[in-house]
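Observations on the three-dimensional arrangement
The chain contents come next:
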Amino acid sequence: MIQINDLSKKYKGADDFSVRNLDLTIAEGEIFGLLGPNGAGKTTLISMLSSLLKPTSGSFTIDGLNYKEHKNQLKQLIGIVPQEYALYPSLTAYENLVYFGSMYGLKGQSLKNDINSHLETMGLSKFAHKKIKAFSGGMKRRINLISSILHKPKVLFLDEPTVGVDVQSKNVIMAYLKELNTLGTTIIYTSHHLNEAEQFCTRVGIIDHGTLVGLGKPKELIAQEENAEHLEDVFLAKTGKALRDHA
Amino acid sequence: MHKLWASTYKEFLLVTRDIGGLAVLFLMPLLLVIVITTIQDNSFKSVKETKLPILLVDLDKGKVSEDILKSLADSKLFQVDMAATDEEAKAQVLKGDYQLAIVIPKNLSSELEIKINENVDGILSKFSDNEESIPEPKSIVKPREVKLYFDPATQQSFKSSVRSNIDKMISKIETETIYKAFQEQLTDDPSEKIFETEQFITFTEIVPSKHEKALIPNSTQHNIPAWTLFAIFFIILPLAINMVKEKNQGTFVRLRTNPVSYATVLGGKTIVFLGVSLVQFALMLAVGIFLFPLIGLPKLDVTGRLPLLFVVAFFAGLAAVGLGLLLGTIAKTQEQSAPFGATFVVILAAIGGVWVPVFAMPKFMQLLSNLSPMNWGLSAFYDVFLRNATFIELIPEISLLLGFFVITTLIAIIYNERKNAV
């Protein structure tokens, strides 16, 4: 589904590459966890794959489409759940969803039905006509997710979708993502919650200093690492215990 | 088209949900035009309702001071108060109690008369039959000066105007005294009229008009177009802030990942903010037509001009929106967009002739004013309001405004594409 070849990104004025000569293949139907410490290059990689950032070198294809030649088709194919809420606070949940759905060319009764169905599943039906600014963090996260899947993307990128939400909201979000995956959506997700990733992902890639330092199924990675019981042990073994502060 | 409609509807909701912002957008320009028109109204009135208090120090107590006092009273421009001494007048002007004091020197009337009589005698002796007649020796009468004390805060234009008026009064008095001296020399009968002392050259103010209807420019006719245009251009502030907010909220990033062009996103904003500027314009006109007469200001006359006025407002609104789109695209924070936008609009207004007419500016600024969209808009409004222009005659100005919108929007799109090139 996703084929990444020798992909690199160096920001203007930066001393080093954020992503360096990365090769990766993600198969259709996978839930791929992209893990790494702060500043490791996770968001940069997702931004490149979702057409927000121009790679310095290398290339990638999604569902066989090259990002340079099929920019608009690619946008129709993917969904992005950004780390920020990315919603209009003074619009209601329903108005936000109608607007972002319309940007994918969706309209009419089928759009309304889809919105209502997603709101129902996420437990937000009764808040559909409330303004986003009145929502809690967990509710905003759920609307943020619905905004990105109305057009039924084949690939869904999620940048820390459960950060700052309560356990209940997290459970609803993760269950919903599992359901989407069973319906055929390939999911690429970044998170600092390693337990969550261990349970949720079919495969993970540990990225540090812009390169992959570990790749495989969570259980395989744990088995390969000496004295490791959880993914977190593997993570620390691969990326070290030093603080990763950036300014 | 569906995406453009959805973008427009979203912008409409965002604008109408911001009640405070809407109030500022609509009420502040109305307040501005009412305040400015009220302040400027007097300068457009043929007869002043408010008289400027001035001080007069009459040390002469003669014919000249009597005539000056009469002329000042006849002018209906001044309320004349008397002061006893030069020092007293000076002190009161310095304190700011009066903007002007006129000091008429001692013996001005008698010395003027002596001087003129000597001159007249000299002239007449040249025409005398008796070639040997010897004119009497001339007395030594030094030129006298009327002192004008101005408040230091007085504007130069006011000083010039007053100086010119006083100068005119004194010239008239001198001329009349000369005529009187000749009269006395040439006839013994004071009732016999030798000279016609009425002013030979007079002025009539005519405002050229293409049609039968003569237009009398007034403060409303001048201020509504100028300040409406100023208000229309202030729309760049909320528009740029709206765009910067989208960047900060993350919604702009989401839109960049959606299959929608930046031109479509800008299109939605253009339609809504253009609509806002037209509503603003309609409110300004309504204030001029209905409210101004109620508060003693001249009524705005839009008879037969309404469609063309809206045509100009439409294109001026487009130019303003284009500028707002460009600013909103380039600015990263509200701290960048708000002060820059506000200052830039004030600069455009200044060089566009909103405050000072373009003809009164230095040459360089006059050239610069040709680049201000506010100048094009103002010129088009004046053409409609004061010169009864037709649509064809407005084409050059509205084309410039349209061109400005197209260019600024294109720059915004290209800038965005380059900055976010993938």
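Remember, predicted model here, so these are calculated numbers, not experimental data.

A short note on the overall build of chain A
Helix and strand counts for chain A stand at 9 helices and 10 strands. Over its C-alpha trace chain A gives a radius of gyration of 18 Å, about what one expects of a compact globule, namely 18 Å for 247 residues. With the principal axes as the frame, chain A shows a C-alpha extent of 50 × 40 × 35 Å. Residues counted as buried form 54% of the 247 residues belonging to chain A. A fraction of 68% describes how many contacts in chain A between residues 6 or more apart in sequence connect residues 24 or more apart. Carbon and sulfur atoms make up 49% of the accessible area of chain A, which amounts to about 11100 Å² in all.

Some thoughts on the packing of aromatic side chains
All names here are of chain B. For the coordinates displayed, the defined rule picks out 14 aromatic pairs over all chains. Ring geometry for Phe 252 against Tyr 262: centres 5.9 Å apart, planes inclined by 75°, an arrangement best described as edge-to-face. Taken together, the positions of Phe 252 in helix H9 (residues 251–257) and Tyr 262 in helix H10 (residues 262–294) put the pair 10 residues apart, joining distant regions of the chain. On the accessibility criterion, Phe 252 (10% relative accessible area) is buried. Given a relative accessible area of 8%, Tyr 262 falls into the buried group. With a centroid separation of 5.4 Å and 20° between ring planes, the pair formed by Phe 281 and Phe 381 is classed as stacked. Placement of Phe 281 in helix H10 and of Phe 381 in helix H14 (residues 373–387) is noted, with a sequence separation of 100 residues between them.

Structural notes on the packing of helix H1 (residues 2–17) of chain B against H10(B)
Residue and element names in this part refer to chain B. As a packed pair, H1 and H10 sit with axes 8 Å apart at the nearest point and diverge in direction by 45°. Between H1 and H10, the crossing angle belongs to the class labelled oblique. Our pair here, H1 against H10, has a crossing hand that is right-handed. Taking contact as the criterion, the partners of Lys 3, Leu 4, Ser 7, Thr 8, Lys 10, Glu 11, Phe 12 and Val 15 in H1 are, on H10, Thr 264, Val 265, Gly 267, Gly 268, Lys 269, Ile 271, Val 272, Phe 273 and Val 276.

Focus on the UniProt feature "transmembrane region" (unreviewed entry) in chain B
With numbering aligned to this structure, UniProt lists the feature "transmembrane region" (unreviewed entry) at residues 12–36, 224–244, 271–295, 307–328, 340–360 and 394–415 of chain B. The span residues 12–36 of chain B is 96% helical and 0% strand by assignment, and the distance between its end C-alpha atoms comes to 31 Å.

What about the environment of Ala86(A)?
If you trace the backbone, Ala86(A) turns up in the loop between strand E6 (78–81) and helix H3 (93–102). In this structure, the C-alpha to C-alpha distance between Ala86(A) and Ser117(A), residues 31 residues apart in sequence, is 21 Å.

Focus: empty space enclosed by the protein
Residues and elements named next belong to chain B. Tallied over the full model, the rule gives 2 cavities of 30 Å³ or more. When its volume is computed, the largest cavity comes out at roughly 50 Å³. The wall of the largest cavity is formed by Met 243, Glu 246, Lys 247, Phe 252, Tyr 262, Val 265, Leu 266, Lys 269, Gly 328 and Thr 329. Elements that contribute at least two residues to the lining of the largest cavity include exactly helix H8 (236–249), H10 and helix H11 (306–330). The element that contributes the greatest number of residues to the lining of the largest cavity is H10, accounting for 4 residues. A breakdown of the residues in the lining of the largest cavity according to their chemical character gives 5 nonpolar, 2 polar and 3 charged. Estimated volume of the second largest cavity: approximately 40 Å³. Lining the second largest cavity we find Glu 113, Ile 116, Asn 117, Thr 177, Lys 180, Ala 181 and Glu 184. Of all elements in the fold, only helix H5 (108–126) and helix H6 (156–186) reach the threshold of two or more residues within the lining of the second largest cavity. Among the elements that line the lining of the second largest cavity, the one with the most residues is H6, at 4 residues.

Quick notes on the sheet that holds strand E8 (residues 186–190) of chain A
Residues and elements named next belong to chain A. With respect to topology, 6 strands assemble into an open sheet ordered E6-E7-E8-E3-E9-E10, the strand pairing being mixed. Only two strands of the sheet have a single neighbouring strand rather than two, namely E6 and strand E10 (211–216). The average undirected angle you get between the axes of adjacent strands in this sheet is 15°. Direction of pairing for E6 relative to strand E7 (residues 155–159): parallel, over a ladder of 4 bridges. Looking across to E7, one finds that Ile 78 is bridged to Val 155. Sheet contacts for helix H9 (residues 231–239): strand E3 (31–35), strand E9 (203–208) and E10; angle to E9, the most-contacted strand, approximately 30°.

Section: H10(B)
All names here are of chain B. Spanning 33 residues, H10 covers 47 Å between terminal C-alpha atoms, matching the ideal 48 Å at 1.5 Å per step. The largest bend along H10 reaches roughly 35° and is located at Gly 288. A positive backbone phi angle near 80° is found at Gly 296, which sits one or two residues after H10.

Some points on a nonpolar patch on the surface
A surface patch of nonpolar side chains, amounting to about 480 Å² of accessible area, comprises Val24(B), Met28(B), Leu31(B), Val35(B) and Ile39(B). Mapping Val24(B) onto the fold places it in helix H2 (residues 19–44).

Structural notes on the pattern of salt bridges
All told, the structure shown has 14 salt bridges over all chains when counted by the stated rule. With a shortest N-O distance of 3.0 Å, Asp114(A) and Lys152(A) are connected by a salt bridge. With a gap of 38 residues between them, Asp114(A) in helix H4 (residues 108–121) and Lys152(A) in the loop between helix H5 (137–149) and E7 connect regions that are remote in the sequence. For Lys152(A), a relative accessible area of 59% gives the class exposed. The closest approach of N and O atoms between Asp301(B) and Arg305(B), which form a salt bridge, is 3.9 Å. Judged by its relative accessible area of 24%, Asp301(B) falls in the partly exposed class.

Concerning the side chain of Arg254(B)
Residue position: Arg254(B) is located in helix H9. Although Arg254(B) is buried, it forms no salt bridge, and the closest oppositely charged side chain is Glu84(A) at an N-O distance of 9.1 Å. A distance of 3.1 Å separates a polar atom in the side chain of Arg254(B) from the backbone oxygen of Ala86(A). In this structure, Arg254(B) is in contact with Ile80(A), Pro82(A), Tyr85(A), Ala86(A), Leu87(A), Phe100(A), Asn144(A), Ser147(A) and Ser148(A), ignoring residues within four places of it in sequence.

Reading the values: rules and limits
Residues numbered from 1 in each chain as written. Chains lettered and ligands numbered in written order. Predicted model: local features only at pLDDT ≥ 70, side-chain atom pairs only at ≥ 80, totals over all residues. Heavy atoms only, no water. Helix = DSSP H or I, 4+ residues; strand = E, 2+ residues; numbered from the N terminus. Rg over C-alpha atoms; globule rule 2.2 N^0.38 Å. Buried < 20%, exposed > 50% of the residue type's maximum accessible area, 1.4 Å probe, protein only. Contact = heavy atoms within 4.5 Å. Areas by Shrake-Rupley, 256 points an atom, 1.4 Å probe, with all protein chains shown as cover. Phe/Tyr/Trp six-rings, centres within 6.5 Å; stacked < 30°, edge-to-face > 60°. Axes fitted to C-alpha atoms, helices over the stretch in contact; angles between N-to-C directions. Parallel < 35°, antiparallel > 145°, perpendicular 65-115°, else oblique. Left-handed = near helix turned anticlockwise from the far one by under 90°. UniProt positions renumbered as here; feature names shortened; annotations may be inferred. 1 Å grid on protein atoms, 1.4 Å probe; cavity = no way out; pocket = protein on both sides within 12 Å on 5 of 7 lines; lining within 4 Å. Points joined across faces, edges and corners; volume = space filled by probe spheres on them. Nonpolar A, V, L, I, M, F, W, Y, C, P; charged D, E, K, R; others polar. Pairing = 2+ DSSP bridges. Expected span 1.5 Å × (residues − 1). Bend = angle between axes of the 7 residues up to and from the residue. Patch = residues over 30% accessible without salt bridge, like charges linked within 9 Å, V, L, I, M, F, W, Y side chains within 5 Å. Salt bridge = Lys/Arg side-chain N within 4 Å of Asp/Glu carboxyl O. Lys, Arg positive; Asp, Glu negative; His and termini not counted. Polar contact = N/O pair within 3.5 Å; in protein donor to acceptor, adjacent residues only side chain to side chain.

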